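Structure at a glance
As a plain string of letters, each chain reads:
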Amino acid sequence: MDYILYILIFCIGTLFGSFFALAIYRIPLRQDITHTRSYCPNCNHRLGFLDMIPILSYIFLGGKCRYCKEKISPRYLLIEFMSGIVFVLFGASIKLNIFNLNQQIFVYFIAGILYISTLFIIAGIDKQRIEIEKPVLLFGFICITLYMIYLYIVENETSMYIYIIYLILSCVLLTFNTFYLRKKGKDSYTIDVLILSMLMVLFTYEVVYIYTVIITLLAVAIQLLLMKMFSHKNKMVKKFKINNKKIPVGFYMCTANIIIMIVTNFSILYF
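No experiment lies behind these values; they were computed from the predicted model shown.

**Remarks on the overall build of the protein**
The helix and strand tally for the protein stands at eight helices and zero strands. Shown N-terminal to C-terminal, the secondary structure of the protein runs as helices and strands in the order α-α-α-α-α-α-α-α. Its C-alpha atoms give the protein a radius of gyration of 20 Å, within 12% of the compact-globule value 18 Å for 271 residues. Taking the principal axes of its C-alpha atoms as reference, the protein extends roughly 55 × 45 × 40 Å. Relative to its full complement of 271 residues, the protein shows a buried share of 42%. Counting contacts in the protein only where the partners sit at least 6 residues apart, residues at least 24 apart contribute 69% of the total. Put simply, the protein shows about 16,000 Å² of open surface, and 70% of that area lies on carbon and sulfur atoms.

This is the structure:
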């Protein structure tokens with residue numbers, strides 16, 4: 001029964017992954033992500049049901065659009081596959097199975113899936129554009145706020161006052177970032193990263209966040225080193241100019257946070 005459950009979770013994860021790929025493409029373009037049917041970005045032909053089956057459609061179509069024969073980026077396949085794997089690992093990390101599926105575990109699993117979904121979309125957009133979309137951050141905060149309300153009312157969790165302060169501070173930063181900096185036309189990427197940090201602390205708590213920061217710093221240092229080596233080798237320093245806008249800090253943070261959260265769950269429940 002557990003094998004069937006995790007196969008189902010993997011399939012659901014790939015469906016989410018298909019949506020993540022769509023959202024990563026459309027949100028920066030300010031296109032609808034819920035009502036407009038999927039289409040080929042090259043020929044704009046609306047996709048049929050058989051064109052949108054996660055993983056399988058890409059394989060059977062040979063990585064090409066059925067209508068214009070244009071190659072489809074393998075990142076769509078990668079996002080779908082990775083989201084399925086992450087959903088399965090997250091479920092396994094909390095010992096999700098048919099026999100222990102109580103309300104507490106089920107609600108945490110749903111909250112975790114929504115949180116992971118938020119990070120997936122933020123990471124995908126940041127990797128491509130070096131920007132963190134505020135509507136996605138807002139969605140994450142709404143999900144976490146609802147989960148905190150559940151913990152306080154249903155689970156009688158009382159040690160949440162510090163996280164309420166974090167939430168209020170996040171709202172202040174998000175409002176300041178949205179209205180003041182946007183009005184002044186100033187770069188807000190650093191503030192966006194700080195708000196993302198608050199989101200991570202609220203769901204995964206301080207210890208996981210600290211490890212997230214450590215891994216992010218290591219990843220950024222490695223990228224900076226590689227960029228510097230590559231720019232010297234090709235004598236194109238101007239083209240590969242190193243600055244904060246060239247480093248997808250949000251992408252590294254989201255990736256690290258998902259990994260550390262799952263590893264932490266495994267270490268707590270299995271060891």
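Read on for the rest.
**Focus: the packing of aromatic side chains**
Note on aromatic pairs: each is described by the distance of the centres and the angle between the planes. One pass over the full model with this rule turns up 15 aromatic pairs. Arranged with centres 6.2 Å apart and planes meeting at 20°, the rings of Tyr147 and Tyr150 form a pair that is stacked. With Tyr147 and Tyr150 both in helix α5 (residues 134-153) and three residues apart, this pair spans about one turn of that helix. Exposure class is identical for Tyr147 and Tyr150. Each is buried. An aromatic cluster is defined as three or more aromatic residues linked by ring pairs; in this entry it consists of Phe90, Tyr108, Phe109, Tyr115, Tyr147, Tyr150 and Phe203. Note that Lys95 overlies the ring of Tyr270, its terminal NZ or CZ placed 5.0 Å from the centroid.

**Concerning helix α1 (residues 2-26)**
Over its 25 residues, α1 extends 36 Å from the first C-alpha to the last, a length consistent with the 36 Å expected when each residue adds 1.5 Å. Taken together, the buried positions of α1 are Leu5, Tyr6, Ile9, Gly13, Thr14, Gly17, Phe20, Ala21, Leu22, Ala23, Ile24 and Arg26. Next to the buried residues of α1 lie α3 (74-93) and α4 (103-129).

**Let's talk about a nonpolar patch on the surface**
On the surface, a cluster of nonpolar side chains totalling about 1,200 Å² of accessible area is made up of Leu138, Ile142, Leu146, Ile149, Tyr152, Ile153, Val154, Tyr161, Ile164, Ile168, Leu169 and Val172. If you list the elements that add at least two residues to the nonpolar patch, you get α5 and α6 (161-184). Sort the elements by how many residues they give to the nonpolar patch and α5 lands first, with six residues. On the secondary structure map, Val172 appears in helix α6.

**Quick look at the packing of α1 against α3**
Remark: α1 packs on α3, axes separated minimally by 7 Å, with the N-to-C direction vectors making an angle of 135°. If you check the angle between α1 and α3, you find them oblique. Judged by the twist between their axes, the crossing of α1 over α3 is right-handed. Its residues assigned to classes, the contact of α1 with α3 comprises 16 nonpolar, seven polar and two charged.

**A word on the pattern of salt bridges**
Pairs can form between side chains of opposite charge whenever their charged atoms are close. Using the criterion set out here, one finds three salt bridges in the structure. Across the pair Arg30 and Glu133 runs a salt bridge whose closest N-O atoms are separated by 3.2 Å. One end of the pair, Arg30, is in the loop between α1 and α2 (56-60); the other, Glu133, is in the loop between α4 and α5, with 103 residues separating them in the sequence. The exposure class assigned to Arg30 is exposed, which follows from its relative accessible area of 61%. The exposure class of Glu133 is buried, given its relative accessible area of 5%. The partner of Lys134 in a salt bridge is Asp192, with the nearest N and O atoms 3.8 Å apart. Of this pair, Lys134 sits in helix α5 while Asp192 sits in helix α7 (residues 189-234), and the two are 58 residues apart along the sequence. Residue classification places Lys134 among the partly exposed positions, given a relative accessible area of 22%. In this structure Asp192 comes out as buried when scored by relative accessible area, which is 3%.

Rules behind the numbers
Residues numbered from 1 in each chain as written. Predicted model: local features only at pLDDT ≥ 70, side-chain atom pairs only at ≥ 80, totals over all residues. Heavy atoms only, no water. Helix = DSSP H or I, 4+ residues; strand = E, 2+ residues; numbered from the N terminus. Rg over C-alpha atoms; globule rule 2.2 N^0.38 Å. Buried < 20%, exposed > 50% of the residue type's maximum accessible area, 1.4 Å probe, protein only. Contact = heavy atoms within 4.5 Å. Areas by Shrake-Rupley, 256 points an atom, 1.4 Å probe, with all protein chains shown as cover. Phe/Tyr/Trp six-rings, centres within 6.5 Å; stacked < 30°, edge-to-face > 60°. Lys NZ or Arg CZ within 6 Å of the ring centre and 35° of its normal. Expected span 1.5 Å × (residues − 1). Patch = residues over 30% accessible without salt bridge, like charges linked within 9 Å, V, L, I, M, F, W, Y side chains within 5 Å. Salt bridge = Lys/Arg side-chain N within 4 Å of Asp/Glu carboxyl O. Axes fitted to C-alpha atoms, helices over the stretch in contact; angles between N-to-C directions. Parallel < 35°, antiparallel > 145°, perpendicular 65-115°, else oblique. Left-handed = near helix turned anticlockwise from the far one by under 90°. Nonpolar A, V, L, I, M, F, W, Y, C, P; charged D, E, K, R; others polar.

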